Amino acid sequence: MVMDQYTIVRTLLRDRTRLLAYIWTIVHDEHLAEDIYQELSELVLRKQDHFQDEAHLLRWARRAARFRAIRALRQRHSAPMLLSDETLDLLESHWNDADAQRQQMPIDALCHCLSKLSPYARRIITFRYVHNLTGDSLAQKLRRSRNTVYVAMSRIHRTLAQCIRRYELTQSRSS
Amino acid sequence: MNEAADNLIRREDDAFIELALCYLDNEATREQIEQLDQVLKESPVHRQQFVTLAIQAQCMAEAVRPPAEAQRNYGKLENEDSCADVLMEVLEIEREAARRRAQERKREQSASCPVDSLDDRLRLFLGESNESVVPVRHVVIPRAAVYAVIGGLVATAAALVLAVYTMLFPPEPPRSPTIAENSGASGPVAAIPPAAMPISATRLVAAVNPQWAAGQKQWQAGEQLPMHQPFELMNGLLWLRFDNGAEVIVRGPARFELLSPTTLSLASGEVFTRCEGPSAHGFIVQTPYARIVDIGTEFGVRTDDAGTEAHVFSGRIVMTSLPDESGVASVTVPLDAGSAGRVTLGDPQIRTMEAARPTFIGRNDFHTHVLAESGSRYHRAMAFSHELRRDPALLAYYTFDADSMDQDRVRNVALTTAGRLDGIVTGAQPTARPVVMPGRFEQSRALNFTPIGNLAAWVEVPHDSVFESIEELTLMAWVRRAPHDGGTIVSKRASDTQVSFQMSMFGPQRPLIYTNALQFGSGNAASVREPFVRSDPVLENKNNWCFVVTTYRQGIVNFYVDGELITTRKAPLPLGFCDSPIRIGAAPTTLRTSGPDPFQGSIDELAIFNRALSPEEIQTIYQATRP
């Protein structure tokens, strides 16, 4: 039994964040990742008679995305900087797990945890994700060294992840 | 001891996240990537952490977007049926964004992007009044639309965007006069919240076959349209996006001008406007006859030399007629969803009527036109249907699609008579009630009639004055009859001898002269048979969808099947007249007939014109609408 177009479109929309994140981990360029996602969506719609269920679609989409991502990197750079095939293969099972859990950022948890960040952390988040500043530009804007900024970023992400886990735990207990 | 171990683990975690973030930001060196690769190979825990981090970072990036975008796209997904269209929009927008990014990449990285409105908000947020913020890569609006669309599929994602955005960018006090002050309007308009401060001009997001007037620049999708410059679109469709989030679809022919970042002046033509989100409220469409102010809604405006109509599809607008040269005072009327207002030349009164949504090109219709260009037969047929509705000779048009059906009500979507000539399902209900079923395309709908003998139900349309002075006529429909028989497709008839028009299609089980033939009838006759003529029996293999047309002109009746002229007959009588209602799917029971001769099968795209279409026109319609 093949999937109907409606379900395919719904899956592509619902799982876009994870697909984009997946492509991003290969091309490590979020704009290029978006370009590839767009190509991928068109490809999936062209092949809509091919998919049996959502899991099949997502697995197929990731394979196609990986192929296209590597091809796009090779078109741009003669010696692209890539994670090895072996690593990408190893990561695959974790992406499958994320699919199975429909892993998304819990909305209320994210809001709650962002509000707990210090003004400096919020400032970094703003520059990084609103203005898309990275690396030296971000460091320059914050008047810090590049290394310091990445240390701060990593702490923010770790803090957020911990906060979100705690928040979810609290919520599940209270419910 | 445990604390020391925890600290060690934490430091290792931080180092890994730092490395991964550096990689995702495209800032890692080759050595760092090799190091990351090695860690990921060796540690399942770090692989899991890497996947989670990528998803978390992606969510973060999606979260911090302007609220207007989020709300607009959240609105799209409230109805999941429009999901496919939303994706098409996403793809189209992304294609445009990709093109723009490709152009940007060609430029030197040192080129500064213009400072956008976020910067102003950011300064307030950071308390840095003099600090300039120059983004390295400009966040284009389409990306935000895409993000919000996807996030919006789980309905609360929009709330996330709003919440996060609000947290990061607390509302700033208004720095510009309100729209009410700008427009000079009074009464209900004064309650409109202030619009956002304009920063840049309106963007032409997409266009379908735009034909600009001679001598005018051929504006392309992606370009920003300047203010205070008249535009004349001869044909085609434009999708404009204003800085405050308002989206406008302009349908050619149209003449318009951008008066401000929140005001569009429409001299002639038709626009469809969607203003979702507080920042888009207060958007104004101004015509020579009226000013229409949005209060968070979706509405259409059509204006020509005779006057202006504004149709509200959701939310509310305020329509104000403009004072004429004689100085007659203007009138202001609030209009809610489902209603429309009309101001005509020389009369400042606003006459209210029912909104006619199917006569406007909305966002989904725009996508239909885009997809029609790519060769999809269904979308091509739908796009053609949108154009057909504007034919001035089209008196009534019933598509039976979702946007024209409301329980027992069947809407007429012909532009000239929109709001009138709607039909009601009547007759032997529920026994033989017609049902909406897939039409000749999987995505389209048709009305399926399953009478039980003469126990029938049909669609009844009240008589209207437009049928009183007809000299020519075309009856047209896509039909799929039952294998054994058909019946009456459409009829306007008072008795056996008083017939405005009737078109029927017969199957193999009829008496010989009717077998597999089309029948047309019209005239005020002395005997029952006189008003009717039949085509040659050519419908033997027409159990699938076929396109049937009969035309009457100067005493000649032509019968067409699937775009081909099959029979020409001399009409026995001139066109007749009666003030009986129209019946779709049945005829009235008369003295000489044993019942309503109900149609058995499906009817789609029924149209009635007050002129005889030419063979070329009929062939064109067939080719454009066939499955």
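Since the model is a prediction, treat every value here as computed from it, not as a measurement.

Draft legend 1. Representation of the overall build of chain A in the model. Check the secondary structure of chain A and you find 9 helices and 0 strands. The N-to-C order of helical and strand elements in chain A reads α-α-α-α-α-α-α-α-α. Of all 175 residues assigned to chain A, the portion counted as buried reaches 60%. Taking the intrachain contacts of chain A between residues at least 6 apart in sequence as the baseline, contacts between residues at least 24 apart amount to 66%. For chain A, the accessible area works out to roughly 7700 Å², and carbon and sulfur atoms hold 48% of it.

Draft legend 2. Region of the structure containing helix α11 (residues 377-388) of chain B. Residue and element names in this part refer to chain B. Look at α11: 16 Å from first C-alpha to last across 12 residues, which is about the 16 Å you get at 1.5 Å a residue. For α11, the set of buried residues is Y378, H379, A381, M382, A383, S385, H386 and L388. If you follow the buried residues of α11, they end up packed against β4 (247-260), α10 (363-373), β14 (394-398), β21 (473-481), β30 (601-609) and α12 (615-625).

Draft legend 3. Spotlight on the packing of helix α2 (residues 16-27) of chain A against helix α3 (residues 30-46) of chain A. Residues and elements named next belong to chain A. It is at 8 Å that the axes of α2 and α3 come closest, and there the two elements cross at 125°. Considering their axes alone, α2 and α3 lie oblique with respect to each other. Judged by the sense of rotation from one axis to the other, the crossing of α2 with α3 is right-handed. Across from R16, L19, L20, I23, W24 and V27 in α2, the residues of α3 making contact are E30, L32, A33, E34, I36 and Y37. A per-class count over the contact of α2 with α3 returns 9 nonpolar, no polar and 3 charged.

Draft legend 4. Region of interest: the pattern of salt bridges. What the rule picks out here adds up to 35 salt bridges over all chains. Note that A:D136 is salt-bridged to A:R146, the shortest N-O span being 3.6 Å. Of this pair, A:D136 sits in helix α8 (residues 135-142) while A:R146 is found in helix α9 (residues 146-174), placing the two residues 10 residues apart along the sequence. Here B:E617 and B:R611 are joined by a salt bridge, their closest N and O atoms 2.8 Å apart. With a relative accessible area of 28%, B:E617 lands in the partly exposed category. Accessibility expressed as a relative area gives 25% for B:R611, which makes it partly exposed. The network of salt bridges with shared partners includes B:R251, B:E270, B:R302, B:E309, B:R342, B:E387 and B:R390.

Draft legend 5. Geometry of the sheet that holds strand β24 (residues 518-524) of chain B. Spatially, the 9 strands line up as an open sheet ordered β15-β16-β17-β20-β29-β22-β23-β24-β25 (chain B), and their pairing is antiparallel. Edge positions in the open sheet fall to β15 (405-406) and β25 (532-534) of chain B, since each of these has one partner strand only.

Draft legend 6. Spotlight on the packing of aromatic side chains. Summed over the entire model, instances satisfying the criterion amount to 16 aromatic pairs over all chains. Summarising the aromatic geometry, the rings of B:W212 and B:F231 are spaced 6.2 Å apart at their centres and angled 55° between planes, so their arrangement reads as tilted. In this pair, B:W212 sits in strand β1 (residues 202-212) while B:F231 sits in strand β3 (residues 231-241), placing the two residues 19 residues apart along the sequence. For the residue pair B:W212 and B:F231, the accessibility class agrees, reading buried in each case. Three or more aromatic residues link up through ring pairs in this structure, and these residues are B:W212, B:W219, B:F231 and B:F256. It is A:R62 that lies over the ring of A:Y22; its NZ or CZ is 5.6 Å from the centre.

Draft legend 7. Representation of unusual backbone geometry within the structure. Put simply, B:G252 and B:P253 share a cis peptide bond, and its omega is 5°. With respect to the helices, strands and loops of the structure, B:P253 is situated in strand β4. One non-glycine residue, A:H28, lies in positive phi territory at about 40°. Mapped onto the elements, A:H28 comes out in the loop between α2 and α3. A residue is classified by how much of its surface remains accessible, and A:H28, at 4% relative accessible area, is buried. Phi is positive for B:F400, which is not a glycine, with a value near 60°. By secondary structure assignment, the location of B:F400 is in the loop between β14 and β15.

Draft legend 8. Examining the pairing of β4(B) more closely. All names here are of chain B. Burial of β4 is extensive: 10 of the 14 residues sit out of reach of the surface. When β3 meets β4, the two strands line up antiparallel, connected through 8 bridges. Paired with E232 across the bridge in β4 is R255. Between the end of β3 and the start of β4, which pair antiparallel, lie 5 residues, with G245 showing a positive phi angle near 100°. Pairing of β4 with strand β5 (residues 263-274), which is carried by 10 bridges, proceeds in the antiparallel orientation. Across the sheet, residue S260 finds its bridge partner in β5, namely T263. In this structure, the hairpin formed by β4 and β5 is closed by a connection of 2 residues.

Draft legend 9. Main features of the state of the cysteines. All names here are of chain A. This model, assessed by the stated rule, comprises 1 disulfide over all chains. The partner cysteine of C113 in its disulfide is C163, sulfur to sulfur 2.0 Å. The chirality of the disulfide connecting C113 with C163 is left-handed, given an S-S dihedral of about -90°. Here C113 is found in helix α6 (residues 107-116), whereas its partner C163 is found in helix α9, with 50 residues between them in sequence. Comparing C113 with C163, the two get one shared label, buried.

Draft legend 10. Expanded view of the nonpolar core. With 81 residues, the main nonpolar core has A:I23, A:L57, A:L83, B:L36 and B:F50 as its most contacted residues. Sort the elements by how many residues they give to this core and helix α4 (residues 54-76) of chain A lands first, with 10 residues. Beyond its immediate stretch of four places on either side in the chain, A:I23 contacts A:A33, A:I36, A:Y37, A:A65 and A:A69.

Draft legend 11. Structural detail: the pairing of strand β26 (residues 546-553) of chain B. Residue and element names in this part refer to chain B. With 7 of its 8 residues buried, β26 lies for the most part within the structure. By the bridge criterion, 6 bridges tie β26 to strand β27 (residues 556-561) in an arrangement that is antiparallel. Looking across to β27, one finds that V549 is bridged to Y560. The antiparallel hairpin formed by β26 and β27 contains 2 residues in its connecting segment, where Q554 sits at a positive phi of about 45°.

Reading the values: rules and limits
- Residues numbered from 1 in each chain as written.
- Chains lettered and ligands numbered in written order.
- Predicted model: local features only at pLDDT ≥ 70, side-chain atom pairs only at ≥ 80, totals over all residues.
- Heavy atoms only, no water.
- Helix = DSSP H or I, 4+ residues; strand = E, 2+ residues; numbered from the N terminus.
- Buried < 20%, exposed > 50% of the residue type's maximum accessible area, 1.4 Å probe, protein only.
- Contact = heavy atoms within 4.5 Å.
- Areas by Shrake-Rupley, 256 points an atom, 1.4 Å probe, with all protein chains shown as cover.
- Expected span 1.5 Å × (residues − 1).
- Axes fitted to C-alpha atoms, helices over the stretch in contact; angles between N-to-C directions.
- Parallel < 35°, antiparallel > 145°, perpendicular 65-115°, else oblique.
- Left-handed = near helix turned anticlockwise from the far one by under 90°.
- Nonpolar A, V, L, I, M, F, W, Y, C, P; charged D, E, K, R; others polar.
- Salt bridge = Lys/Arg side-chain N within 4 Å of Asp/Glu carboxyl O.
- Pairing = 2+ DSSP bridges.
- Phe/Tyr/Trp six-rings, centres within 6.5 Å; stacked < 30°, edge-to-face > 60°.
- Lys NZ or Arg CZ within 6 Å of the ring centre and 35° of its normal.
- Disulfide = S-S within 2.5 Å.
- Core = buried A, V, L, I, M, F, W, Y, C linked by side-chain atoms within 4.5 Å.

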